[in-house]
Amino acid sequence: FINDASGNLTYTGREYKASRGVDVSSYQGDIDWQQVYDSGVRFAIVRAGGMYYGSGELYTDDNFIKNIEGAKAAGLRVGAYFFSQAINVQEAIEEADFVLERIEQYDIDLPVMYDWEKMEEAGADARTYQLDTAILDECAVAFCETVKKAGYEPGVYFNRYIGYYGFDLSRLNSYKFWLAVPGDFPDFYYAFDIWQYSFEETIPGIETPTDMNLMFIPKVQPSPSPSAEATPAA
């Protein structure tokens, strides 16, 4: 990983094609998506909504429609994420159904992400306070399987700590992984598909600091020809 002439973090390896992207919510305000695209951003993961950590009430992000339509119109690939605070499988399924109702009319060509985060500042007031790891895994699986059955690709968002000590990633490795590890390189032991490497990037068209991501797409390796396979090494 290096910073290019424009100061953008760039992947220089040979195994993947890396695409730059943002994830946004109503916190970013009104966005000029054409400027975002012109800056070199090629995908956006848009918050569809969430569940309040206290009441358990579901809500739609205030700028969801504006963001998803604006990003698509500008030519970006688009995914969605949902801020979960489910405490059981049934609630996780309800969260997934809530998202599916809101994205069904759009061409979603990137994963639909399950985003559970520990609400440290809320402490015992958070409904997921001290949520058991096994239940957290079950909720993530229930959300992702519901999304998958609807024809979308599911994924799970997590930071380094939750990846190591929250989720049992072996139960989730059939889904896309979205890793939040800010820095110059992703010092995380396990493989992932999207890397959120900054929480405070300045992007043309977005007035407030925003998250920045790299999405890694494996390059197709050419298959050896039959004759090449049959030729002994010198």
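Our subject is the structure that appears above.
Let me begin by describing the structure that accompanies this report. (Residues numbered from 1 in each chain as written. Predicted model: local features only at pLDDT ≥ 70, side-chain atom pairs only at ≥ 80, totals over all residues. Heavy atoms only, no water.)

1. Things to note about the packing of helix H3 (residues 89–103) against helix H4 (residues 133–149)
Point 1. Look at H3 against H4: their axes get within 8 Å of each other, and the N-to-C directions meet at 35°. Viewed along their axes, H3 and H4 form a crossing whose handedness is right-handed. Residues Val89, Ala92, Ile93, Glu95, Ala96, Asp97, Val99 and Leu100 of H3 pack against Glu138, Cys139, Ala142, Phe143, Thr146 and Val147 of H4.
Point 2. Its residues assigned to classes, the contact of H3 with H4 comprises 10 nonpolar, 1 polar and 3 charged. (Axes fitted to C-alpha atoms, helices over the stretch in contact; angles between N-to-C directions. Helix = DSSP H or I, 4+ residues; strand = E, 2+ residues; numbered from the N terminus. Left-handed = near helix turned anticlockwise from the far one by under 90°. Contact = heavy atoms within 4.5 Å. Nonpolar A, V, L, I, M, F, W, Y, C, P; charged D, E, K, R; others polar.)

2. Remarks on the pattern of salt bridges
Point 1. Scanning the model with the defined rule gives 9 salt bridges in all.
Point 2. When the shortest N-O distance is used, the salt bridge between Asp30 and Lys66 registers 2.9 Å. With Asp30 in the loop between strand S3 (16–24) and helix H1 (33–38) and Lys66 in helix H2 (residues 64–74), the pair connects residues that are 36 residues apart, well separated along the chain.
Point 3. On the accessibility criterion, Asp30 (52% relative accessible area) is exposed.
Point 4. A salt bridge links Glu91 to Arg127; the shortest N-O distance between them is 2.7 Å. Placement of the pair is Glu91 in helix H3 and Arg127 in the loop between strand S7 (112–116) and H4, with a sequence separation of 36 residues.
Point 5. The exposure class assigned to Glu91 is buried, which follows from its relative accessible area of 14%.
Point 6. The exposure class assigned to Arg127 is partly exposed, which follows from its relative accessible area of 22%. (Salt bridge = Lys/Arg side-chain N within 4 Å of Asp/Glu carboxyl O. Buried < 20%, exposed > 50% of the residue type's maximum accessible area, 1.4 Å probe, protein only.)

Structural measurements only, silent on function.
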